[in-house]
Structures are given as C-alpha cells and as structure tokens.
Amino acid sequence: MTGTDAVQETAAERVDASAVHNRIRAKWDDLPTASQRVAAVVLEDSRLVLELGVNELAERAGTSPATVTRFCRQIGYTGFVALRMSVATELGRTSARPDHQADIGRAFGPDDTAEDVRSTLLNGTIRSLQETAASLDLVQLRALAETLAHSRHVDLYGVGSSALAAEALAGRLYRIGVVCNVWSEVHAGLTSAVLQTEDCVAIGYSHTGRTAETITMLEEASRHGSLTVAVTNDPGSPLAELADVVIQTSAFERFLQPDDLAAYYSQVYVGDLLYVLTAQVDFARTSTHLAASALAVAPHRATGAASRLPARLAARRNPV
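Residues numbered from 1 in each chain as written. Predicted model: local features only at pLDDT ≥ 70, side-chain atom pairs only at ≥ 80, totals over all residues. Heavy atoms only, no water.

## Let's talk about the overall build of the protein chain
Part 1: Secondary structure assignment for the protein chain yields 16 helices and five strands.
Part 2: With 320 residues in all, the protein chain has 43% of them scored as buried.
Part 3: Put simply, of all contacts in the protein chain between residues at least 6 apart along the chain, 70% involve residues at least 24 apart.
Part 4: Surface exposure of the protein chain reaches about 16,000 Å², of which carbon and sulfur atoms provide 55%. (Helix = DSSP H or I, 4+ residues; strand = E, 2+ residues; numbered from the N terminus. Buried < 20%, exposed > 50% of the residue type's maximum accessible area, 1.4 Å probe, protein only. Contact = heavy atoms within 4.5 Å. Areas by Shrake-Rupley, 256 points an atom, 1.4 Å probe, with all protein chains shown as cover.)

Put into structure tokens, the structure is as follows:
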C-alpha cells in the first residue's frame, strides 16, 4: 500500500467515502504537489474545512491561500465556500445515516460474507445515485432535452460499460421518435461525426473523461457544428473541457466490480432522467410512438399458453 493509499484508506474509515473524497481520489494524480498537500489534509479530517478558514487551512497544509482556492477548483468546486458547503452537507448525511449503511465505500475482501457484499453494493449504488442527482443542473438538462426533441440526429459515443449506458439512452430516445445511433468503434464513430451539423447533438460517455476514442469522436462532431455533451465523473477532464454541456456523475471506485458498475448505474440514471425530460417536450408525439411500439411487439409477448410457444418449446414442456 502506498502512502497515498494509506491516507485515503484512513480517511475512508473516518468519513464514510464522502463526495469530496471521491473527487479528490479521481483527481489525485493530476494535482500539483502543493494541491496534494491540501488534499491530504482534507482527506485526513474533512471537518477541518468547516473549522478553519482559508488562511488557517493553507497554514495547516504548508501552502498558500491561493493554492487552497486553486485546489477547490481543481476538484470541481467554484471555490472554498462551495467546498465547505459540500463537506457540511456530507457530514450531516453521515451523522443521520443508519448504522447498516456504514460500510459504504470500503473495499471488498476475499472473506466478506454474501450479506456484506450485498449491503455494500446496494448502499454504495444508492449513494452514487443520490450524489449524482444532487449535482445535476435541472435547468441545463431541460434545455438539453428541448434540443434533443427537435434535433435532426443524435450520436452517442462510449467504450466498454459506457457504451452500454449510451445504448440504454439511445434505445429509449429512438422509441419516442428521436433518431440516434451509438458508436463504440472509433472509425465508425468518426464517419458518423463528420455528418453532424448544427441541428444535431453528440453525447460522449466516459467515467474518467479520458477515454481517447470517445474524446476523438466527440471532438470531430464539435468541428462540424454539433452541440456536444459530456457525461463524466470528472468535470475538469479533457472530455468535459471540449463539450458544450457537462453532466457530472458520481460513483464510488473502491469496489471490486466488473466494468465499474457504480459508474454505469449513475450514467444510466442520468440517461433515464434526460429521456423523461425529452419525452415531456412533445408529449403527444411521445404517446403516439410509445403506443405504436407497444402494439407492434404485443403479439410477440408470451402469455403462458403452450399454444403460443414455438413448437419445439411446447414439445419440451409437454413430452409425449
């Protein structure tokens, strides 16, 4: 375990993997040395942000007040006041949280019981969704939904589990009449991106905001006039910096999970919210499309009667 890991492990035990801690962990490798000193102080005891002013916190970290302010911005806050408000909110939630939720954010071990794994996964996912919801700009999302509803075409880009989240949104939008495609292969994505125009929308999904293929495709769409959207956990990432609209997610990364499931859940939640807001823009059109699609697939839904099943399945269920 490195020194950084030890500091983060201690902090996780003390203050239940707060949103502030998650932002610091996500940005740690990109922080300058002076900012890392401030980060270490905050990780060690987040309550100091509430108890000390900027000058006192800077003195505790062995740096300057200007560095503290830069640190706040580097991890996604507008300044020290915004950081303090986030810490205050998080500590309030922690003190009010039931004991059974105290395992949020801890790493899994080989000897954990199935009950412990179930509880940790569930509570961590709930927390990720709550923090994602709290960070969303609803005015911005409503404006984006209006644009999506009237767009000529929507391209969605993502790799790995991010592509799955993009496909979830695309499937929903397509059902209500929004023409869209999902691209996870960069050559195909670039081919589509060059056909984007000012009445199109391009959405890039990347938890880290540093997936090269996603950045490349979104950047190409931007060159051709498309409105670009980044869905990412890091508002200071390269993907976020090139996008017109940034939707920030929140996810705990300490879990031993395949394909970063916490990040995937947050991305899908954002997509579901955006879908519903888009559906509301032209509710008559939405209702018409949903009714038509439901009618089209109705004959293909099993009713439980053997007569409706394919012959082979019916024969297996009722052998002679």
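Here the narrative resumes.
## Points about the pairing of strand 2 (residues 180-183)
Part 1: Both strand 1 (residues 153-157) and strand 2 contribute to a ladder of four bridges, which runs parallel. Of the residues in strand 2, the one forming a bridge with Val154 is Cys180.
Part 2: This β-α-β element, strand 1 to helix 10 (residues 161-175) to strand 2, shows right-handed connectivity. (Pairing = 2+ DSSP bridges. Right-handed = clockwise from strand over helix to strand, strands pointing away.)

## Observations concerning the confidence of the model for the protein chain
Part 1: Per-chain confidence: the protein chain averages 83 in pLDDT, with 80% of residues scoring 70 or above.
Part 2: Residue range residues 1-17 is modelled with pLDDT below 50. Its contacts to residues more than four positions away, or to other chains, number 32 contacts.
Part 3: The low-confidence segment residues 96-105 (pLDDT under 50) makes 22 contacts with residues lying over four places distant or belonging to another chain. (pLDDT = per-residue confidence, 0-100.)

## Topic: empty space enclosed by the protein
Part 1: Overall, the coordinates contain one cavity of 30 Å³ or more when judged by the stated rule.
Part 2: Taken as a whole, the largest cavity encloses approximately 30 Å³ of empty space.
Part 3: In the lining of the largest cavity, the residues fall into three nonpolar, one polar and three charged. (1 Å grid on protein atoms, 1.4 Å probe; cavity = no way out; pocket = protein on both sides within 12 Å on 5 of 7 lines; lining within 4 Å. Points joined across faces, edges and corners; volume = space filled by probe spheres on them. Nonpolar A, V, L, I, M, F, W, Y, C, P; charged D, E, K, R; others polar.)

## Looking at the pattern of salt bridges
Part 1: In the structure shown here, the tally under the stated rule is eight salt bridges.
Part 2: A salt bridge links Arg210 to Asp30; the nearest nitrogen and oxygen atoms lie 2.7 Å apart. On the criterion of sequence distance, the pair formed by Arg210 in the loop between strand 3 (200-205) and helix 12 (212-223) and Asp30 in the loop between helix 2 (19-27) and helix 3 (33-44) is long-range, its members being 180 residues apart.
Part 3: Judged by its relative accessible area of 36%, Arg210 is partly exposed.
Part 4: Close ionic contact of Asp234 with Arg210 constitutes a salt bridge, the shortest N to O distance being 2.8 Å. With a gap of 24 residues between them, Asp234 in the loop between strand 4 (227-232) and helix 13 (238-242) and Arg210 in the loop between strand 3 and helix 12 connect regions that are remote in the sequence. (Salt bridge = Lys/Arg side-chain N within 4 Å of Asp/Glu carboxyl O.)

## Section: the layout of surface pockets
Part 1: Size it by volume and the largest pocket reaches roughly 420 Å³.
Part 2: Lining the largest pocket are 19 residues, and of these Ala19, Arg23, Tyr77, Ser86 and Ser135 lie nearest its centre.
Part 3: It is helix 7 (residues 80-96) that provides the largest number of residues to the lining of the largest pocket, a total of six residues.
Part 4: Counted by class, the lining of the largest pocket contains five nonpolar, ten polar and four charged residues.

## Observations regarding helix 9 (residues 138-149)
Part 1: With twelve residues, helix 9 should reach 16 Å at 1.5 Å per residue; the first-to-last C-alpha distance of 16 Å fits that figure.
Part 2: All buried positions along helix 9 are accounted for by Leu141, Leu144, Ala145, Leu148 and Ala149. Burial along helix 9 is one-sided: seen end-on, the buried residues are contained in an arc of 135°.
Part 3: Capping of helix 9 at its N-terminal end is provided by Asp137; its side-chain oxygen lies 3.2 Å from the backbone amide nitrogen of Val139. (Expected span 1.5 Å × (residues − 1). Arc of directions from axis to C-beta. Polar contact = N/O pair within 3.5 Å; in protein donor to acceptor, adjacent residues only side chain to side chain.)

## Focus on the nonpolar core
Part 1: By size, the foremost hydrophobic cluster in this structure holds 29 residues, and its most contacted members are Val154, Leu156, Leu169, Ile203, Tyr205 and Ile247.
Part 2: Taken together, the elements giving at least two residues each to this core come down to helix 9, strand 1, helix 10, strand 3, strand 4, strand 5 (245-248) and helix 14 (261-281).
Part 3: Residue contacts for Leu156: discarding those within four places in its chain leaves Ala166, Leu169, Ala170, Cys180, Asn181, Val182, Trp183, Ile203 and Tyr205.
Part 4: With 24 residues, the next largest nonpolar core counts Leu31, Ala61, Val68 and Phe80 among its residues. (Core = buried A, V, L, I, M, F, W, Y, C linked by side-chain atoms within 4.5 Å.)

## Here we look at the side chain of Ser192
Part 1: With respect to the helices and strands, Ser192 occurs in helix 11 (residues 186-193).
Part 2: Ser192 gets classed as buried once you look at its relative accessible area, which sits at 11%.
Part 3: Within the local environment of Ser192, its side chain forms a polar contact with the side chain of Asp155, the two groups lying 2.5 Å apart.
Part 4: Beyond its immediate chain neighbours, meaning those up to four positions away, Ser192 contacts His153, Asp155 and Trp183.

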